[in-house]
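Chain and residue survey
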Amino acid sequence: MSPYVSRPMEYEAGQGKYLEDNEWEADIRKPEKRRPGQMDLKQAALERDGHQCRNCGCLVLSETSHVDHIKPVRKFASFEQANTLDNVQTLCLYCHKQKSRSEREV
Ligand SMILES: [Zn+2]
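Residues numbered from 1 in each chain as written. Predicted model: local features only at pLDDT ≥ 70, side-chain atom pairs only at ≥ 80, totals over all residues. Heavy atoms only, no water.

**Concerning the coordination of the zinc ion**
Six octahedral donors around a metal ideally make angles of 90 or 180 degrees; four tetrahedral donors ideally make 109.5 degrees. Here is the rule: For Na, K and Ca the donor cut-off is 3.2 Å, while for other metals it is 2.8 Å, and in both cases only N, O and S atoms qualify; water is not among them, so sites may look incomplete. Just to be clear on the cut-offs, tetrahedral is four donors with all angles between 85 and 135 degrees, square planar is four donors and octahedral six with opposite donors over 155 degrees apart and all others between 65 and 115, and anything else goes down as irregular. By the criteria applied, helices consist of DSSP H or I runs no shorter than four residues and strands consist of E runs no shorter than two, each listed in order from the N terminus. Partly exposed residues are those whose accessible area sits between 20% and 50% of the maximum for their type, while under 20% is buried and over 50% is exposed, using a 1.4 Å probe and protein chains only.
For the zinc ion, the protein coordination sphere consists of Cys53 (SG), Cys56 (SG), Cys92 (SG) and Cys95 (SG), at 2.2 to 2.4 Å. Each of the four donor atoms around the zinc ion contributes to a set of angles spanning 101 to 116°, which defines the coordination as tetrahedral. For the zinc ion, the single-chain donor residues occur in sequence as C-x2-C-x35-C-x2-C. Here the residue Cys53 occupies a position in the loop between α3 (36–48) and β1 (65–69), and Cys95 occupies one in helix α5 (residues 93–105), the gap between them amounting to 42 residues. On the basis of relative accessible area, Cys53 is assigned to the buried category, the value being 3%.

**Here's the deal with the environment of Lys97**
Looking at the element boundaries, Lys97 is found in helix α5. Classification of Lys97 by relative accessible area gives exposed; the value is 53%. For the pair Lys97 and His66, spaced 31 residues apart in sequence, the C-alpha separation works out to 9.3 Å.

**Quick word on the pairing of strand β2 (residues 88–92)**
Using the following cut-off: Should DSSP find at least two bridges between two strands, the strands are regarded as paired.
Counting buried residues in β2 gives five out of five residues, a clear majority hidden from the surface. Burial along β2 is two-sided: the face carrying Val88, Thr90 and Cys92 and the face carrying Gln89 and Leu91 are both buried. For β1 and β2, the ladder comprises five bridges, and the chain directions are antiparallel. Residue pairing for β2: Val67 is matched across the bridge by Thr90.

The structure is reproduced here in structure tokens:
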């Protein structure tokens, strides 16, 4: 018996036609962890919004705010297209929680 009989096929680049979709879904699950560029976008949004929550207007810091996608990422063809300064706003943790909750209920 060879121990290698059931070894999975080696991955070949360019063969998987769902490759891009898989990557896209993975990004949605953990966007802030997987995209180093996201922090820059958050910082840029914070500065543009004057370190204020765009919903309630309270002052926020990087640690007490979220970068929120105005149009949900799923409305775009790719994560990159959704991730522009035009499509993000600064929300405090509370407002972001409220918004995510109401989006889930829709
Ligand atoms: Zn707020």
